[in-house]
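# Remarks on the overall topology
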Amino acid sequence: MRAARWGGMSTRAATVRPSCCCWTFSKVMHRSFLDDILWSLRAGGAELAVAYYPVIDLLSHQLLRHLDPAAVAPQPALAGAIRARMARWLFELFDGCQALLPPGWRFIAHSDHGMQPLSHDLAPNRCFASQGWLATQDDGRIDTQRSMVFYHPAENGWLALHPQRMAAAGVTTPALLDALNDALPPGLSGAFRLIGGPVLDLGDGWTSPWYLQPPTAARLLKSPHLPFAAASRKGGDHTCWSDAPWLKGVFLEPTLQPGASAWQAPLTLIQLAPALMAGLAQPAPARALPEAHAWH
């Protein structure tokens, strides 16, 4: 069997409301990626085609809050317009790819992550600084020689701890979590929690097995100089880990080939590559690519 798959990555966008200018830019971006994907498929000659289509991800970073039924001020008309536009672009992508695949090929669409609506930006390092647990240099950077805890500037979720300094000051890991939760503004659902992972060492006594998971609808920022809590400047984002439905990745086969086995459900990310490669190991006769038909 041959396979083609689609996936999304993440970056930043700049417009909050889907104005005419925003939609025009998004349409240009959609056409750019779509035309490039279809051009590659028309060229033929590959046993596996992997296409990258980040448009839904880019829009979700700004517009997802408008699709959240639990939003403070829901806008049904706006949410409906966003869903309709995204759906139309996905149908164009799926139909266009399917039309260019010869018989026997499998077309698979997937994202490696989901996206959750945002309401708040939280700066844990500001909280640590206010407690005297984090110090900064004159240029504003974190002073690792005088601090005992910091949320890593890579914003990858990692919570860096200096156990020796914490013990000398009588500060415990649960106390860090309590301070963060006590500073949360009203209206946020849930609380901070720690997720265990592999022990990482930065040297000079810095180590931790912990990743910091924010409350629902919040993202974490690194700066110790921002307000601890503020209305989010983005409409959607990821998180270090969560079992929330918003953050589930998507895996689908728009047109299942006759006789093809169903995919395991649920399918974890680490099972994805082996499952795809198992499909590729099944031989299929090589055939010329058909002419594309109208799909838009």
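This section reports on the structure supplied with the text. (Residues numbered from 1 in each chain as written. Predicted model: local features only at pLDDT ≥ 70, side-chain atom pairs only at ≥ 80, totals over all residues. Heavy atoms only, no water.)

### Quick look at the sheet that holds strand β5 (residues 120-122)
Taken together, the three strands give an open sheet; going across it, the order is β10-β5-β11, and neighbouring strands pair in mixed fashion. Edge positions in the open sheet fall to β10 (218-220) and β11 (229-231), since each of these has one partner strand only. Along the sheet, successive strands turn relative to each other by an average axial angle of 30 degrees, direction set aside. Looking at chain direction, β5 and β11 are connected through three bridges and run antiparallel. Its bridge partner being in β11, His-120 is matched across the sheet by Ala-231. (Pairing = 2+ DSSP bridges. Helix = DSSP H or I, 4+ residues; strand = E, 2+ residues; numbered from the N terminus. Axes fitted to C-alpha atoms, helices over the stretch in contact; angles between N-to-C directions.)

### Points about helix α6 (residues 173-182)
Turning to α6, its buried residues are Thr-173, Leu-176, Leu-177, Ala-179 and Leu-180. For α6, the angular spread of the buried residues around the axis is 160 degrees, confining them to a single face. Looking at α6, the residues exposed on the side facing more than 90 degrees away from the buried face are Pro-174 and Asp-182. At its buried positions, α6 is contacted by α4 (124-130), β6 (149-151), β7 (159-161), α5 (163-169), β8 (193-203) and β9 (206-213). (Buried < 20%, exposed > 50% of the residue type's maximum accessible area, 1.4 Å probe, protein only. Arc of directions from axis to C-beta. Contact = heavy atoms within 4.5 Å.)

### Here we look at the nonpolar core
Of all hydrophobic cores here, the largest spans 30 residues; its most connected members are Leu-122, Phe-128, Trp-133, Val-149, Leu-176 and Phe-192. Going through the elements one at a time, α4, β6, β7, α6, β9 and β10 are the ones with two or more residues in this core. Leu-34, Ile-82, Met-86 and Ala-109 belong to the second largest nonpolar core, which has 29 residues in total. (Core = buried A, V, L, I, M, F, W, Y, C linked by side-chain atoms within 4.5 Å.)

### Notes on the environment of Val-50
Within the secondary structure layout, Val-50 lies in strand β2 (residues 48-52). With ten residues separating them along the chain, Val-50 and Ser-40 place their C-alpha atoms 9.7 Å apart.

### Digging into unusual backbone geometry
Although it is not a glycine, Glu-155 adopts a positive phi angle of roughly 55 degrees. Here Glu-155 shows up in the loop between β6 and β7. Classification of Glu-155 by relative accessible area gives partly exposed; the value is 30%. A positive phi is found at Ala-217, a non-glycine position, where the angle reads about 70 degrees. With respect to the helices, strands and loops of the structure, Ala-217 is situated in the loop between β9 and β10.

### Focus: the packing of aromatic side chains
What the rule picks out here adds up to four aromatic pairs. When the centroid spacing of 5.8 Å and the interplanar angle of 85 degrees are considered together, the rings of Phe-33 and Tyr-52 count as edge-to-face. Remark: Tyr-52 occurs in strand β2 and Phe-33 occurs in helix α1 (residues 20-43); sequence separation between them is 19 residues. Taken together, a centroid distance of 5.7 Å and an interplanar angle of 65 degrees make the contact between Phe-94 and Phe-107 edge-to-face. Of this pair, Phe-94 sits in helix α3 (residues 76-99) while Phe-107 sits in strand β3 (residues 105-110), and the two are 13 residues apart along the sequence. (Phe/Tyr/Trp six-rings, centres within 6.5 Å; stacked < 30°, edge-to-face > 60°.)

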